[in-house]
Protein chains: 4
Amino acid sequence: MNEKGVPHSAILLVSCSDQSGLVATITRFIHENNGNILNLEQHVDPEEKVFFMRLEWDLEHFEIPLSTFGETFQRLIATRFDMEWSLHSANEKPRMAVFVSTLSHCLYDILSRAHAGEWNVEIPLIVSNHQTLKPVAEKFGVEYRVFPMTPDNKRTQEEKELALLQTYQIDFVVLARYMQVLTSEFLDHYPNRVINIHHSFLPALAGGKPYHSAHDRGVKIIGATSHYVTAELDAGPIIEQDIVRISHADSIDDLVRKGRDLEKGVLARSIWHHLKRNILVFRNRTIVFT
Amino acid sequence: MNEKGVPHSAILLVSCSDQSGLVATITRFIHENNGNILNLEQHVDPEEKVFFMRLEWDLEHFEIPLSTFGETFQRLIATRFDMEWSLHSANEKPRMAVFVSTLSHCLYDILSRAHAGEWNVEIPLIVSNHQTLKPVAEKFGVEYRVFPMTPDNKRTQEEKELALLQTYQIDFVVLARYMQVLTSEFLDHYPNRVINIHHSFLPALAGGKPYHSAHDRGVKIIGATSHYVTAELDAGPIIEQDIVRISHADSIDDLVRKGRDLEKGVLARSIWHHLKRNILVFRNRTIVFT
Amino acid sequence: MNEKGVPHSAILLVSCSDQSGLVATITRFIHENNGNILNLEQHVDPEEKVFFMRLEWDLEHFEIPLSTFGETFQRLIATRFDMEWSLHSANEKPRMAVFVSTLSHCLYDILSRAHAGEWNVEIPLIVSNHQTLKPVAEKFGVEYRVFPMTPDNKRTQEEKELALLQTYQIDFVVLARYMQVLTSEFLDHYPNRVINIHHSFLPALAGGKPYHSAHDRGVKIIGATSHYVTAELDAGPIIEQDIVRISHADSIDDLVRKGRDLEKGVLARSIWHHLKRNILVFRNRTIVFT
Amino acid sequence: MNEKGVPHSAILLVSCSDQSGLVATITRFIHENNGNILNLEQHVDPEEKVFFMRLEWDLEHFEIPLSTFGETFQRLIATRFDMEWSLHSANEKPRMAVFVSTLSHCLYDILSRAHAGEWNVEIPLIVSNHQTLKPVAEKFGVEYRVFPMTPDNKRTQEEKELALLQTYQIDFVVLARYMQVLTSEFLDHYPNRVINIHHSFLPALAGGKPYHSAHDRGVKIIGATSHYVTAELDAGPIIEQDIVRISHADSIDDLVRKGRDLEKGVLARSIWHHLKRNILVFRNRTIVFT
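Conventions we followed
- Residues numbered from 1 in each chain as written.
- Chains lettered and ligands numbered in written order.
- Predicted model: local features only at pLDDT ≥ 70, side-chain atom pairs only at ≥ 80, totals over all residues.
- Heavy atoms only, no water.
- Contact = heavy atoms within 4.5 Å.
- Buried area = accessible area lost by both parts, 1.4 Å probe.
- Salt bridge = Lys/Arg side-chain N within 4 Å of Asp/Glu carboxyl O.
- Polar contact = N/O pair within 3.5 Å; in protein donor to acceptor, adjacent residues only side chain to side chain.
- Helix = DSSP H or I, 4+ residues; strand = E, 2+ residues; numbered from the N terminus.
- Domains from an automatic or database assignment.
- Least-squares fit on C-alpha atoms with pLDDT ≥ 70 in both.
- Phe/Tyr/Trp six-rings, centres within 6.5 Å; stacked < 30°, edge-to-face > 60°.
- Buried < 20%, exposed > 50% of the residue type's maximum accessible area, 1.4 Å probe, protein only.
- Pairing = 2+ DSSP bridges.
- Right-handed = clockwise from strand over helix to strand, strands pointing away.
- Core = buried A, V, L, I, M, F, W, Y, C linked by side-chain atoms within 4.5 Å.

1. Structural notes on the interface of chain A and chain C
Counting residues at the interface gives 15 residues for chain A, matched by 15 residues for chain C. Carbon and sulfur atoms supply 49% of the area that chain A and chain C bury against each other, a total of about 1,300 Å² over both sides. The interface formed by chain A and chain C contains 0 salt bridges. Linking chain A to chain C there are 2 residue pairs in polar contact (both at pLDDT 80 or more). Of all the secondary structure elements, the ones that give two or more residues to the side of chain A that touches chain C are α1 (22–32) and β2 (36–45) of chain A.

Next comes the structure, spelled out in structure tokens:
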């Protein structure tokens, strides 16, 4: 049990070519070492014949310490099936940095949730290309660091940011309406660990002014999309999407207003799934076990 | 009163440049001729400064016969404000043709609704490029005419279709998963009177295989879009859209299955709004008063 | 492979007290007999400590014939863990009867889907307490039998209906806006095999006139609920629900119209899940694996 | 123009028995005094024959000062038609008090929106029966006053609260998960000016533990409802509702988590409509013009 009386559990994420006996082998291994399975979710991609699993088990009577689990699992099982896998303790408290520009709604929502204890996360750092949101950071007592961006200084500024992320031991980054495109050099340091919120229903209306485009096109529904950031703009693996109805009576200001609520909700649910280790990524798509 | 005891009413759709006194002038005209206003909906496009109105009033004590209303309204009001307008009796029963290819779900839904009395419409004719759905038409006793299409015969076949539509006195056409692109020559005969259902959330995933594209892109929501057909493919004024959640566990077959229900629902609601005269079109967008 | 080239698969539904080793034991049994697991979904009720599983595996190389699977599974596994279980072939084509009164929208939708091949089901029989919908049955060539109901004859009429269901070898019954309450004697013959569609968002607005109640209460959303029928009215295990937004501008007629589309969609999705063996029932709740 | 360059406009809310000439008379009055109508929305309750209107017009060239509009409108129009009406300037900045107990999510959301400038409102005061949320108030620099409640002191505490509301010139009150029932004596001071958020889809699951009830009943959708508070618990006029899908896999904790996001969204949209003067109340129902 941890301090809250919640049983301490471990989460194993596995993927490999689909083959007979995968579930039986893994569950038997956990069972024979006295781990009680709390949740098991699996998916087989029927076209690519790839197997995915998320397994959570109670550690109370489990006989293998987490510190040596990896070596044992690799030797006994993972090598045989050529698995990719990762192990996580449900008690881990990942460290998250938030990148923002000038819009505050997602930042307020993230900091409020963290302070209210909704998430098992640390937020030690906010990075921005503007001073604008410093007062929000100060309200919540979070370090706020500004790196102004010009076409010429992007790479040097990003290197400073990366150094800062390392100093703060940041595990993953959330772009909360951050209006700069990150270079692939930056992203290489955080593969599938930079989450962005895009203010449209991707793949429709990619690019910079989706609410204007939605209004011009006369759509009846607008959306928001969160995704892991990859080098190709607005094209990374989608984590979560949501929509809201609009009508001819909605101005662009109304779209922006309704979109704000979508954005913060979609981004928050993505962070939740990332923190719960519900997500696997495969070929630019996500498997989100819920 | 009509035969159902429903008060007989008239619907006036108006658009013109926005200017002072429009609502006051029109409502006063109806009022002074003893028409009781049942519904009034108006919208001003704030960028283009264009005024739109849908006005419905009770004809019971109205002193101007519908047959002469147009001449009077044009002389006293419409000319002064440079209005475009159209007048409709709520008792009209428009005549609708359905175009289909091989998928039956929208056709079944349309014919079921018409036969159950949900809509005030006549459906005397179904047109197809395949024999496949003839048995469905026969179940409901509707004429089914086949015009096979090849790259070479499209214009001549369309001319035969147009002649047939004229014979059957068709007011508007519904493309219920009809897999042929209509030429602009055909469409010129039915401006804003051909309704299509597209099996994606436009403007995302236009084109022929949206469910495959949605699956490849890993979206978490799929949609359907109905629109008036214009010469530019999948780009006409959107009438209605809807969505359904999907997950990694949904195969393309699941997307097709979930999409079918979206498509028939979205198309049916469009037909409803078209029949109720709820729709005005302006610059490739719709105003849908609901 | 069956005739469509779809691999022939088996589905096992299991429930029992939660205990260590359940997943490992069952999956190992399937694996060791050369069954390739296609889908595995499990759920543990954390309060009641009950385990539920739906397991689907490919029969192509499976070494135990389905005809003897039950005896083997019971002897080797089910007895030891005190399991309740049922086995189904994915190729089964269950036989369904539809009960209706006078409203046609759900009936049309069900017959359309069955005729379009959406469902793996036979519908040999429609039962009603009114003649009204006989023409719909005739369109689709389905036997339509009328049993008028009075307060005095309900039990004797139900006995005739039960005899007819037996004659037609009916596996499950769908109440498609059937306006009679079935007695518990009737229901005892079809436990968790009578599906009803209720025209409200249960548990709100149970009873006979939910659209009127919704309008009186001024709700902004209406719903529909499908559930397995139990002796207590409108209180059986909920299978599926859905909602639609309404406003002050919607009359009761509008609610009825919007509700019709909800009802047929919710009912159809329930039938789908029932046919796919996605549903387990526990203590008046359903587990629906999707 | 006001300081933001937004045209200064007035909003008139009207209700009366439906009668011929209402729209014509009112719009003519505005027009003849050089008011340009920006928005007109009207609704007639078809059962009760009551007329409702929300009219917004540009004040730039309007010839009647707002200070004397009421007297003029009453004399020339309102008396003749026996109207109830209220006049509002779109530039008004109403003063809102928030009542909370111990849950912070709605409070954070409200204060964040106010500070981000989403709403045209002042929030000078937070009232609570607990100290718990004082740090949240302090983050945002808002006065936080605690009135502990016991069965014996409710009336005296409420009187102190009312005095405080008067001191702070509070226009309306928002109960942001405030866990005390207000007496009818309190409510008499703020008719249709106390907004509550209830954590269920009313009228289902009224009362104190709706998430537990939803879980026990096995519903597939949960909701949240905001309403004006009346003396009868959870029975006041509904302003806004929303829902989210749940499944058997969701624990009560998951319902609470998903419900939190519903609650804050529904409450925020209600406050928006209240501030925009979009709401009229009639017989325990709302007309919400959007």
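Right, picking up where we left off after that structure.
2. Regarding the domain arrangement of chain A
Residue and element names in this part refer to chain A. By the assigned domains, chain A splits into domain 1 (9–89) and domain 2 (95–288). Domain 1 and domain 2 are separated by 31 Å when their C-alpha centres are compared. Approximately 860 Å² of surface area, both sides summed, lies buried where domain 1 meets domain 2, with 65% of it carried by carbon and sulfur atoms. On the domain 1 side of the interface with domain 2, the three residues burying the most area are Leu13, Phe52 and Arg54, jointly 47% of the side's total. On the surface where domain 1 and domain 2 come into contact, there are 2 salt bridges. Aspartate 45 is paired through a salt bridge with arginine 285; the nearest N and O atoms lie 3.0 Å apart.

3. Some words on the relation of the copies chain A and chain C
Once turned by 180° and shifted 0.0 Å along the axis, chain A lies on chain C with an RMSD of 0.0 Å. Such a turn and shift between the copies fits a two-fold axis. For chain A, the residue whose C-alpha comes nearest the rotation axis is alanine 24 of chain A, separated from it by 2.7 Å. When you check the interface residues of chain A against chain C, 100% turn up at the interface there too, and the contact is symmetric in its surfaces.

4. Side note on the packing of aromatic side chains
Going through the model one piece at a time under the given rule, you end up with 52 aromatic pairs over all chains. Note on tyrosine 108 of chain A and phenylalanine 140 of chain D: the rings are 5.9 Å apart at their centroids and 25° apart in plane angle, and the pair reads as stacked. Within this pair, whereas tyrosine 108 of chain A is found in helix α3 (residues 105–116), its partner phenylalanine 140 of chain D is found in the loop between α4 (134–139) and β7 (143–146), the two belonging to separate chains. The class of tyrosine 108 of chain A is buried, set by a relative accessible area of 5%. Given the relative accessible area of 4%, phenylalanine 140 of chain D is considered buried. Relative to phenylalanine 69 of chain B, the ring of phenylalanine 62 of chain B has its centre 6.2 Å away and its plane inclined at 45°; by these criteria the two rings are tilted. Put simply, the rings of Phe29, Trp57, Phe62, Phe69, Phe73 and Trp85 of chain A pair up and form one aromatic cluster.

5. With respect to the pairing of strand β6 (residues 122–128) of chain A
Residue and element names in this part refer to chain A. The element β6 is extensively covered by neighbouring structure, given that 6 of its 7 residues are classed as buried. Both strand β5 (residues 95–100) and β6 contribute to a ladder of 5 bridges, which runs parallel. The partner of phenylalanine 99 across the bridge, within β6, is valine 127. In this region the chain leaves β5, passes through α3 and returns to the parallel neighbour β6; the handedness of that crossover is right-handed. Here 4 bridges tie β6 to strand β7 (residues 143–146), and the two strands are oriented parallel to one another. Bridged to valine 127 within β7 is arginine 145. Handedness of the crossover is the feature at issue here: the chain leaves β6, passes through helix α4 (residues 134–139), returns alongside β7, and the resulting connection is right-handed.

6. What about the relation of the copies chain A and chain B?
Rotating chain A by 180° and translating it 0.0 Å along the rotation axis places it on chain B, where the RMSD comes to 0.0 Å. Most of the interface of chain A is mirrored in chain B: 100% of its interface residues are interface residues there too.

7. Quick look at the side chain of lysine 264 of chain A
Structurally, the position occupied by lysine 264 of chain A is in helix α8 (residues 252–275). Judged by relative accessible area, lysine 264 of chain A falls into the buried class, the value being 8%. Beyond its immediate chain neighbours, meaning those up to four positions away, lysine 264 of chain A contacts His105, Cys106 and Asp109 of chain A together with Asp109 and Arg113 of chain D.

8. Quick look at the nonpolar core
Counting residues in hydrophobic clusters, the biggest one holds 89 residues, and the most contacted among them are Met96 and Ile110 of chain A together with Met96 and Ile110 of chain D. Setting aside anything within four residues of it in sequence, one finds isoleucine 110 of chain D in contact with Met96, Val98, Trp119, Ile123, Val174, Ala176, Leu267 and Ile271 of chain D. Of all hydrophobic cores here, the second largest spans 85 residues; its members include Tyr108 and Phe140 of chain B together with Ile126 and Ala137 of chain C.

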